Amino acid sequence: MKTRSLLFAFAILCLFMVMADLFLWFAVTGRTNDFEEARAQYLGYYPDAFGNARLLTVLSIMLLTIAGFIFLNAAKTNSLKKTAAVLGIASAVLLMWKLFSLM
């Protein structure tokens, strides 16, 4: 039981990190009109090791995949079935969006 709660909390953390990254992108692009300038500002918030937009997208995809898998499995067994299902669907939608952005 405790392991499931920890996994559920980990999935929420993964989803939160991806959503924080998206909100950062929206905040940066809202302040500037030039894409390259916005991209440079956005990447400036991350350490040099993560200074690649494709790497950040791939990390987001991995986090969303993990979160979605945990949420959808929790929807089958957990007492928070509706919450887990909604968060799993949200993870899947964001995952599709991130995959589309790689194209």
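Here the structure is a predicted model, which is why all the values come from computation and not from measurement. (Residues numbered from 1 in each chain as written. Predicted model: local features only at pLDDT ≥ 70, side-chain atom pairs only at ≥ 80, totals over all residues. Heavy atoms only, no water.)

### Topic: the nonpolar core
Of all hydrophobic cores here, the largest spans 16 residues; its most connected members are L64 and F71. For this core, the elements supplying multiple residues, two or more each, are α1 (2-31), α3 (53-77) and α4 (81-102). Setting aside residues no more than four positions away along its own chain, F71 makes contact with F8, A11, I12, L15, A84, L87, G88 and S91. In this structure, V28, A38, A53 and L56 belong to the second largest nonpolar core, which totals seven residues. (Core = buried A, V, L, I, M, F, W, Y, C linked by side-chain atoms within 4.5 Å. Buried < 20%, exposed > 50% of the residue type's maximum accessible area, 1.4 Å probe, protein only. Helix = DSSP H or I, 4+ residues; strand = E, 2+ residues; numbered from the N terminus. Contact = heavy atoms within 4.5 Å.)

### Here we look at the packing of aromatic side chains
Inspection of every chain in the model, using the stated rule, returns five aromatic pairs. Taken together, a centroid distance of 5.3 Å and an interplanar angle of 75° make the contact between F8 and F71 edge-to-face. With F8 in helix α1 and F71 in helix α3, this residue pair connects regions lying 63 residues apart in the sequence. When its relative accessible area of 8% is taken as the criterion, F8 is described as buried. Centre to centre, the rings of Y42 and Y46 are 5.6 Å apart; their planes meet at 75°, and the pair counts as edge-to-face. These aromatic residues form a ring-pair network of at least three members: W25, F35, Y42 and Y46. (Phe/Tyr/Trp six-rings, centres within 6.5 Å; stacked < 30°, edge-to-face > 60°.)

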